[in-house]
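Chain and residue survey
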Amino acid sequence: MQVRPHSIKSRPRFLAALVLVPCLAGCFASPGGESSSAGGQPGSRLRVALAFPPAENFSPYGADATLLSRLGVTEGLTALDANGAAAPALAESWRRENDRTWRFTLREATFQDGADVTPSAVAAALTRATKAKPAPAALAGVTLDAKADGDRGIRITTAAADPVLPMRLSSPSLAILSPKAYGEKGNPDPVGTATGPFEITKVGGGGSATLDRFDDYWGGRAQASGIDARFVKDGTARANAVRTGDVDIAEAIPVAQAATLDKATLKEAGTTRTTSLQLNTRTGPFKDPKLRAAARTAIDSSTIVKGVFEGYADPGAGIFGPAVTWAESKRVKPAGRADAAKPDGERITLATYDNRPELPEAAQVVQQQLEKAGFTVKLEVREYSRLESDALAGKFDAFIGARNSLLDTGDPVGVLGSDYTCDGGYNLALLCDKNADRAVTKADGTDGTGERQDAAMAAEAAILGTDAVVPLAHQQIIAGVSTKVRGVVLDPYERTLVGTGTRR
């Protein structure tokens, strides 16, 4: 589908907000019919609107894993702290015994079905994850063996040295569930079998879920008595639900709708998600590094941040943005870039997807900037599921997408390997560069947090030096939150939203 260009400034936003008010009133009722908005006292239920519905029956092994962690349902052995380092969760401590073996000590905790969190249960849960098809993203290329060790210990051995295993185990896709969650076949069922502060008690056909407080949570009782969650794909509908008071919390408010909300209800935070222009290095015009350099020099990311993201983003500085707190101080200037050639009307196809409403608008700005530089650009926009396979197959010359660089494992090297190496599984630029591969391989084998970060930034510089990727913007999270609500958790990895301290 080719998209007709139009002016970004012409959106009749507030009128659209009034016309498109969704029928959400009355949808957020507590069990027994009592309105969840009544009273507003501590212990009230929270009404939450999420952007993406469960696609795999709440399986923790795929895209639904972050739904579960954002609602406070599931946990792993570890979590990520504000600096991206591994922090205790179900494991209260750990130590590395040798290059391939780590021992984790469990805290005293209970599954939501009443069973104790034991070493054998944790080992079984991790073993199940290693056998999932397809494998969870956090285990891509990793082979591990988990065994119980005494009353509170778990010993995990990997086939190759894995210096970031504690970070890897923080992934929502490696959540620990009760033995009752696992049947003979199929994905595990997290309903009433997880360990978080809220447990799922009812699922309404993929469009809603009811959660109650889990009173035996190891971290203390949550201040809200439960959550009534609805999955609302339309960003305008989510924004309107906040504006009209039909929900307490709505995630992923589109930039275009932020102006329709009272500023007191807008919450924003940096995120490790970066919007980038990926250039096809294997076929077509951008196989020529000089034309890739011409595209890079044509892009003014500050215009995109101001005109499309309206200030809710930072200009593209690299693969890792300011929410990766250590990145800027360690950033290395790319070297060996080709000199830009004149495009002379070179025809290219630029593709993006409309699941994130800012992306088509960003693509229109990029289209204009590339055309001003001398390219002839055809813009193609589709729904993501109808676009991904063609993009990975190199059927477009350029592609604009948004990627959370630390979502899967928290390890910066992970996204570099998957997205920019010859064997990378999500290599949209189809990059296969010996220097970049060598730098990523070196970073992957580097131990020590600071040393690994240094090596990751050297690898970032090697990748940027190819001009296969042009960072456009480092996005911010925008959530709509009632002024009555306190304690919403907006983390840069987009793994959390509601916690024990979230209340109304």
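Our subject is the structure listed above.
What comes next is a walk through the structure.

Here is what the cut-offs are and how they apply
- Residues numbered from 1 in each chain as written.
- Predicted model: local features only at pLDDT ≥ 70, side-chain atom pairs only at ≥ 80, totals over all residues.
- Heavy atoms only, no water.
- Helix = DSSP H or I, 4+ residues; strand = E, 2+ residues; numbered from the N terminus.
- Rg over C-alpha atoms; globule rule 2.2 N^0.38 Å.
- Buried < 20%, exposed > 50% of the residue type's maximum accessible area, 1.4 Å probe, protein only.
- Areas by Shrake-Rupley, 256 points an atom, 1.4 Å probe, with all protein chains shown as cover.
- Lys, Arg positive; Asp, Glu negative; His and termini not counted.
- Charge placed at Lys NZ, Arg CZ, Asp CG, Glu CD.
- Salt bridge = Lys/Arg side-chain N within 4 Å of Asp/Glu carboxyl O.
- Pairing = 2+ DSSP bridges.
- Axes fitted to C-alpha atoms, helices over the stretch in contact; angles between N-to-C directions.
- Contact = heavy atoms within 4.5 Å.
- Parallel < 35°, antiparallel > 145°, perpendicular 65-115°, else oblique.
- Left-handed = near helix turned anticlockwise from the far one by under 90°.
- Phe/Tyr/Trp six-rings, centres within 6.5 Å; stacked < 30°, edge-to-face > 60°.
- Lys NZ or Arg CZ within 6 Å of the ring centre and 35° of its normal.
- Polar contact = N/O pair within 3.5 Å; in protein donor to acceptor, adjacent residues only side chain to side chain.

1. Points about the overall build of the chain
Each helix and strand counted, the chain has 14 helices and 17 strands in total. Scaling as 2.2 N^0.38, a compact globule of 504 residues should have a C-alpha radius of gyration of about 23 Å, and the chain matches this with 23 Å. C-alpha atoms of the chain, sized along the principal axes, occupy 70 × 60 × 40 Å. When each of the 504 residues of the chain is scored for burial, the buried share is 55%. Summed over its atoms, the accessible surface of the chain is roughly 21100 Å², and 49% of this surface lies on carbon and sulfur atoms. Positive and negative charge centroids in the chain, built from 59 and 59 side chains respectively, lie 3 Å apart.

2. Concerning the pattern of salt bridges
This model, assessed by the stated rule, comprises 27 salt bridges. Of the charged contacts in the structure, one is a salt bridge between Arg70 and Glu251, with a shortest N-O distance of 2.5 Å. A residue pair is termed long-range when its members are at least 10 positions apart, and Arg70 in helix 2 (residues 65-70) and Glu251 in the loop between strand 11 (249-250) and helix 6 (255-258) qualify at 181 residues. What makes Glu251 buried here is its relative accessible area of 7%.

3. Remarks on the sheet that holds strand 4 (residues 91-98)
Strand order across the open sheet formed by 4 strands is 4-5-7-6, with antiparallel pairing between neighbours. Edge positions in the sheet fall to strand 4 and strand 6 (144-149), since each of these pairs with one other strand and no more. Adjacent strand axes in the sheet meet at a mean angle of 20° when their direction is disregarded. Inspection of the sheet shows strand 6 paired to strand 7 (residues 153-158) by 6 bridges, in the antiparallel sense. When the sheet's bridge partners are listed, Ala148 is paired in strand 7 with Ile154. Helix 3 (residues 119-130) rests against strand 5 (101-106), strand 6 and strand 7 of the sheet, and its axis sits at about 170° to strand 6.

4. What to know about the packing of helix 12 (residues 412-420) against helix 14 (residues 449-464)
The angle between the axes and the distance between the axes are what describe a pair of packed helices. One way to put it is that helix 12 packs onto helix 14 with a least axis distance of 9 Å and a crossing angle of 25°. In terms of orientation, helix 12 and helix 14 fall into the roughly parallel class. Seen from above, helix 12 lies across helix 14 with left-handed handedness. Residue-level contacts link Pro412, Val413, Leu416 and Tyr420 of helix 12 to Arg452, Ala456, Ala459, Glu460 and Ile463 of helix 14.

5. Re the packing of aromatic side chains
A full pass over the atoms with the stated rule returns 7 aromatic pairs. For the ring pair Phe320 and Trp326, a centre distance of 6.3 Å and an interplane angle of 45° mean the geometry is tilted. Take Phe320 and Trp326: they sit in the same class, and that class is buried. On the basis of an interplanar angle of 75° and a centroid distance of 4.8 Å, the ring pair of Tyr353 and Tyr384 is categorised as edge-to-face. Of this pair, Tyr353 sits in strand 14 (residues 347-353) while Tyr384 sits in the loop between strand 15 (376-382) and helix 11 (388-392), and the two are 31 residues apart along the sequence. Put simply, the rings of Tyr353, Tyr384 and Phe399 pair up and form one aromatic cluster. Sitting over the ring of Trp218, Arg107 keeps its end group 3.9 Å from the ring centre.

6. Some words on the packing of helix 12 against helix 13 (residues 434-444)
Relative orientation of the contacting elements helix 12 and helix 13 amounts to 150°, with a least axis distance of 10 Å. Relative to helix 13, helix 12 is oriented roughly antiparallel. Here helix 12 and helix 13 pass one another in a crossing that is left-handed. Contact residues: helix 12 offers Val413, Leu416, Gly417 and Tyr420, while helix 13 offers Ala436, Asp437, Val440, Ala443 and Asp444.

7. Notes on unusual backbone geometry
Geometrically, the link from Lys133 to Pro134 is a cis peptide bond, its omega value of -5° lying close to zero. Structurally, Pro134 is set in the loop between helix 3 and strand 6. A positive phi is found at Phe58, a non-glycine position, where the angle reads about 65°. Positive phi outside glycine occurs at Ala252, with the angle close to 50°.

8. A look at the environment of Thr283
Here Thr283 is to be found in the loop between strand 12 (266-279) and helix 7 (289-298). The exposure class assigned to Thr283 is partly exposed, which follows from its relative accessible area of 36%. Not counting residues up to four positions away in its chain, the partners in contact with Thr283 are Gly394 and Asp397. A polar atom in the side chain of Thr283 sits 3.1 Å from the side chain of Asn280.

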